[in-house]
Amino acid sequence: MRIVVCVKEVLDPDAVNNYALAGRLEIGEDGKSLTQTTIPRLMNGFDEQALEAALRLRDAGVECRIGAVSVGPDTATILKHAAALGADEIAALPMDDPTPDYHVAAALLAAYIRSSGDADLVLCGRQASDDDQGVVPALICEALGMPLVTNARAIELAPAADEPTLRITRVTPDGDEVVEVSCPAVVTVSNELGEPRYPTAAKKIAARRMKPEIITPEGLSLPAETLRPRVVAQRQFVPTVAGDCEFVPGESPAELAEALVARLRQDSLIQ
Amino acid sequence: MDAKPIVVCTWNESQGGLTVGAEEALTLGRGVAGATGAKLRLLVLGPLPEAAMETAGRFGADAVDWIEDAALEAFSPDAYVEALAGYCQQESPALVLFNQAADTRLVAPRLAGRVGAGVVMNGVDVSVGEGGGLQATASAYGGDTQMVYELSGAPSYVVALSANALLPEPAEGGPTEPECRVISSDLSGVQERVRVIEQARAEGPRLEDADIIVSGGRGLGGPENYKLIEQLAEALGGLAGASRPIVDEGWVDSSQQVGLTGKITRPALYLAAGISGASQHMAGCSAAKTIVAINSDPDAAIFRYARYGLVGDCLEILPELIRAARQ
Ligand SMILES: Cc1cc2nc3c(=O)[nH]c(=O)nc-3n(C[C@H](O)[C@H](O)[C@H](O)COP(=O)(O)OP(=O)(O)OC[C@H]3O[C@@H](n4cnc5c(N)ncnc54)[C@H](O)[C@@H]3O)c2cc1C
């Protein structure tokens, strides 16, 4: 089977958090991108886990070709990382805008998947840690007419099915749910899948020599209509948090605890 | 010609009420409808909750549109998307608003893809921009930043609102009397492609409904200390939650994760021990009325959100709190 994993480059969310916590997150002159050039760029964590899900299918004996594809201004680094982890083919869909419209990104990804020989399984992270939107997988599934299963924590091939069928354990607010879906399908992966593997040194070196196949929108002969943005980022800002914390006084843990409980009872928050 | 309607979409939850967040979405929708001279409608999929007409009226809706079909009785993504797509084709709404939850995260962007609409998730606001078009504000980086998106270029838009986007406000000047319009749809051809083999079984009460939540994070030091969180939760009559790292480490089950990619809660009291207050965690609890933080670092971000702060070692403070709460 052919598995295509969609991966996105993002700013390291932990570094962004640290800047935010220190009150040092700044927006650049364009009014919409973060200025901190020291923040490392890396593969979106959930996407790395989506790739891990594909590799685990292969480890489990599923015969598959794994492709990784990315839309963005400069995707070579994460695509090589995907190759080092075990992707057999890597493809780049260049797009200049640093905050591209995700409808356009999804249209490009869907067209790439169709034109490159279709996929039995399209894997994506549940959302990107920069815009948190999580809509690209759904837009791809609709463009390709495939079913969508979200928030997988485990993916396996269902035993003894007539046609290739996936058995997926998905994380829901009510606990784990097990579903089955026939291929082709789009599946998103959640962090509950667990730690992704690290590439070995040898694979890293081999991946360095791999060049992503570069595919332009013209090459996909997409109608202009599909490439028209629908949701255009105008500006980004750092919201203020209005803090009014009262630090509860107390010399010892017991005093602190009693002072807090007294306040919570006073406010009728607890009995 | 009338402006294209603003539609708030909801469906019945198992409790028989409207989906949590429908009132917030109606509040926002009423503002947009007012600013654009459009009608505000509440769209209900599946069984009509008892409260639907009354709530719609209280929040100033002009109509309740009801799609009744056996296929919509329980949540079923393919049927829901099909019904919504049919509705959008027939009624051409300018904007369909959802309250964001796990189910809407699945349905809203698929609807957009199906009908060629634009979609924005994690919305905190929708307003009329300077040029007269709609714009949506949504949180990004878990809430570290917010993004303002211009909504132009698509015939209609789908926006899902975050749980803590705004507070519900009934319509000024008293309730309206919405008409109830039964919308026909033909879902006979829809067959759910994703087959449920084993249903999720929520065990006991849900964090989303809890009035009091006590959560623990990495500051607990080790899995053996999580019992302090459970004991305090029990002593306060609440439920125990967690930050993501200790879920990822396997100390607690993922159903207890609070945050952007976990449970979105709205308790009266949220007590966080050994949690730093990263935006992605706060996305799941900042709608709490009162937040209490216990952290050994007086500069921890969580104190910016907290009403009460305790600076100290949570392993020492929690046992004392359990004792004090039991008295
Ligand atoms: C896309 C994305 C989605 C995410 N989704 C979520 C989510 O849904 N939920 C979530 O929680 N996180 C989520 N995260 C992770 C989030 O960014 C933070 O990393 C996480 O919330 C930190 O958890 P923590 O506060 O327990 O740990 P830490 O950040 O390590 O904080 C531990 C805190 O404990 C304090 N401490 C240490 N020892 C003690 C002690 N003895 N007594 C008292 N205090 C002590 C420290 O001062 C520190 O403040 C997400 C991240 C990304 C990128």
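What counts, and where the lines are drawn
Residues numbered from 1 in each chain as written. Chains lettered and ligands numbered in written order. Predicted model: local features only at pLDDT ≥ 70, side-chain atom pairs only at ≥ 80, totals over all residues. Heavy atoms only, no water. Phe/Tyr/Trp six-rings, centres within 6.5 Å; stacked < 30°, edge-to-face > 60°. Helix = DSSP H or I, 4+ residues; strand = E, 2+ residues; numbered from the N terminus. Buried < 20%, exposed > 50% of the residue type's maximum accessible area, 1.4 Å probe, protein only. Contact = heavy atoms within 4.5 Å. Buried area = accessible area lost by both parts, 1.4 Å probe. Salt bridge = Lys/Arg side-chain N within 4 Å of Asp/Glu carboxyl O. Nonpolar A, V, L, I, M, F, W, Y, C, P; charged D, E, K, R; others polar. Pairing = 2+ DSSP bridges. Domains from an automatic or database assignment.

Caption draft 1: Layout of the packing of aromatic side chains. Considering all chains together, one arrives at six aromatic pairs over all chains under this definition. Considering the side-chain rings of Tyr102 of chain A and Tyr149 of chain B, the 6.2 Å spacing of their centres and the 75° angle between planes classify their relative orientation as edge-to-face. Of the two residues, Tyr102 of chain A is situated in helix α4 (residues 102–115) and Tyr149 of chain B in strand β7 (residues 145–151); the pairing between them involves two chains. Tyr149 of chain B carries the same exposure label as Tyr102 of chain A, and that label is buried. An aromatic cluster of three or more residues is present, and its members are Trp11, Phe75, Tyr80 and Phe98 of chain B.

Caption draft 2: Main features of the interface of chain A and chain B. Each partner contributes residues to the interface: chain A has 82 residues there, and chain B has 83 residues. Taking both sides of the interface into account, the surface hidden between chain A and chain B amounts to around 6800 Å²; carbon and sulfur atoms contribute 57%. Broken down residue by residue, the surface that chain A buries against chain B is led by Glu142, Asp174 and Arg230 of chain A, which jointly contribute 9%. Where chain A meets chain B, there are four salt bridges. Arg307 of chain B is the salt-bridge partner of Glu246 of chain A, the closest N and O atoms lying 4.0 Å from each other. In terms of residue count, helix α7 (residues 253–266) of chain A provides more of the side of chain A that touches chain B than any other element does, 10 residues in total. The residue inventory of the side of chain A that touches chain B, partitioned by class, reads 42 nonpolar, 17 polar and 23 charged. With two bridges connecting them, strand β13 (residues 246–247) of chain A and strand β15 (residues 308–311) of chain B associate as parallel partners. Directly across from Phe247 of chain A, in β15 of chain B, lies its bridge partner Gly309 of chain B.

Caption draft 3: Broad picture of the domain arrangement of chain B. Residues and elements named next belong to chain B. Split into domains, chain B comes out as domain 1 (6–183) and domain 2 (207–326). Placing the centre of domain 1 and that of domain 2 at their C-alpha centroids yields a distance of 32 Å. Between domain 1 and domain 2, the residue contacts involve 12 residues of the former and 10 residues of the latter. Where domain 1 abuts domain 2, roughly 730 Å² becomes buried across the two surfaces, and 45% of that area is made up of carbon and sulfur atoms. For domain 1, the biggest contributors to the area lost against domain 2 are Gly142, Ala163 and Asn164; these three give 57% of the whole. If you look at where domain 1 meets domain 2, you find one salt bridge. Residue Arg266 pairs with Glu24 through a salt bridge whose shortest N-O separation is 2.8 Å. The residue inventory of the side of domain 1 that touches domain 2, partitioned by class, reads three nonpolar, seven polar and two charged.

Caption draft 4: Here's a closer look at the pattern of salt bridges. With the rule as written, the count across this model stands at 32 salt bridges over all chains. Linking Asp176 of chain A and Arg153 of chain A is a salt bridge whose minimum nitrogen-to-oxygen distance equals 3.1 Å. Of this pair, Asp176 of chain A sits in strand β9 (residues 175–182) while Arg153 of chain A sits in strand β7 (residues 148–157), and the two are 23 residues apart along the sequence. For Asp176 of chain A, a relative accessible area of 34% corresponds to the partly exposed category. For Arg181 of chain B, the salt bridge identified is with Glu91 of chain B, shortest N-O distance 3.1 Å. Residue Arg181 of chain B is found in strand β9 (residues 179–183), and its partner Glu91 of chain B is found in helix α3 (residues 77–91); the two are separated by 90 residues along the sequence. Of the residues examined, Arg181 of chain B reaches a relative accessible area of 23% and is grouped as partly exposed. When salt bridges with common partners are traced through the structure, they connect Glu142 of chain A together with Asp78, Glu82, Arg110, Arg114 and Arg193 of chain B into a single cluster.

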